[in-house]
Amino acid sequence: MHSIQSSISSFSPRLDRNRKKETLTKPVNSVQGQPFDIADCSDCTLVILDYSDMVQIDNTHGSKVFVAASSESIFVRDCSNCTFTIACKQLRTRDCKNCTFYLYSKTEPIIETSSEMKFAPFNGAFNGHHQAMLSANLIPEHNLWFAVYDFNDEARTGKNWRLLSKSEEDPLWCPAGKAKSCCPRVAPGSIALPSEGADPTAGGGVTQSGGMMSFGLGTSLADAAKVSGDMYTAQEATAAAEADTKKKSPKKKSPTKSKIGWNPDAAAAPSPAKETAKPKSKIGWNPDAASPTPSPAKAAPSKSKI
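Residues numbered from 1 in each chain as written. Predicted model: local features only at pLDDT ≥ 70, side-chain atom pairs only at ≥ 80, totals over all residues. Heavy atoms only, no water.

### A word on the overall build of the chain
Moving on, step 1. Per the secondary structure count, the chain includes 4 helices and 12 strands.
Moving on, step 2. Out of the 306 residues belonging to the chain, those deemed buried represent 38%.
Moving on, step 3. Considering only contacts in the chain between residues 6 or more positions apart, those separated by 24 or more positions represent 36%. (Helix = DSSP H or I, 4+ residues; strand = E, 2+ residues; numbered from the N terminus. Buried < 20%, exposed > 50% of the residue type's maximum accessible area, 1.4 Å probe, protein only. Contact = heavy atoms within 4.5 Å.)

Written out as structure tokens, the structure is:
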């Protein structure tokens, strides 16, 4: 089995395929929000220590997989006898068998045509994980790992999955050396499920077990959700309110952006008010760069009137 360090260069930032009995790691700052695919791996240890966009894991068997933080869904398909330690907005599985998930999921995980599935709270840690979670817009305290929905079990018998007891769980996995977990242990049923409340952006979905709560007329949904411990609703309501405020506020003209130089997103210095815009060159190495300032036009000789 290869060492983690020697295998870093061969672990593609976008796709890892046809690996057998290898240990491969993507370190911090190596993915930076890109989508990530893993496919056709057997008896491997695959570790992503950075935040990512959507992740797809297909046809992988007998392997251990660590995904630090996905801002979108992680799709696990046609996998068997694997152990996953993953954090994501939502987990979706299809056609999987005998897989264990140490899971952080911002929304309810979904399984389909899968069997012998086991779930436990996220059990991974490395220095920098908390920042990766925040970069992926995940709330460590809001973990719905336990709220599994099985598309093939409408009666909700739980025949295809179960929650592990604490005594069955593996110890904390620290793939980059000793570290403390940033994800607190969340007890099953301790967080209200978004699917059981109204649309958070419409003013519903704030609940609290053990009794009713009342708020003043001026209390925002986000504030009420924070008090009740529903951090998902709080985050979604805050984002909706900010978007609404931005939509209603008058738009300010932003400075033009330079298309050349070391920082193409840096705002260019504003031109004097009376100066006309420079025409864009359509040739050369950078067709979006402004062409040089045209030379002053030479005055034409005056015509004789006699």
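### A look at the pattern of salt bridges
Moving on, step 1. Following the criterion strictly, the structure yields 5 salt bridges and no others.
Moving on, step 2. Residue Glu22 pairs with Arg19 through a salt bridge whose shortest N-O separation is 3.4 Å. With respect to burial, Glu22 and Arg19 carry one shared label: buried.
Moving on, step 3. Here Arg94 makes a salt bridge to Asp95, at a shortest N to O gap of 3.6 Å.
Moving on, step 4. For Arg94, a relative accessible area of 37% corresponds to the partly exposed category. (Salt bridge = Lys/Arg side-chain N within 4 Å of Asp/Glu carboxyl O.)

### Focus: the nonpolar core
Moving on, step 1. Counting 36 residues, the largest nonpolar core has Ile57, Ile74, Val76, Phe84, Leu91, Phe101 and Phe119 as its most contacted members.
Moving on, step 2. Put simply, the parts of the chain that give this core at least two residues each are β3 (36-42), β4 (45-52), β5 (55-58), β6 (64-77), β7 (83-94), β8 (100-105) and β10 (117-121).
Moving on, step 3. If we skip the residues at most four places from it in the chain, Phe84 touches Ile57, Val65, Val76, Cys79, Cys99, Thr100, Phe101 and Tyr102.
Moving on, step 4. Membership of the second largest hydrophobic core comes to 17 residues, among which are Ala68, Ala87, Ala132 and Met133. (Core = buried A, V, L, I, M, F, W, Y, C linked by side-chain atoms within 4.5 Å.)

### Things to note about the pairing of β10
Moving on, step 1. In terms of burial, β10 is largely enclosed, as 5 of its 5 residues are buried.
Moving on, step 2. Relative to strand β12 (residues 161-163), β10 is paired through 3 bridges, and the arrangement is parallel. Within β12, the position partnered with Phe119 by the bridge is Leu163. (Pairing = 2+ DSSP bridges.)

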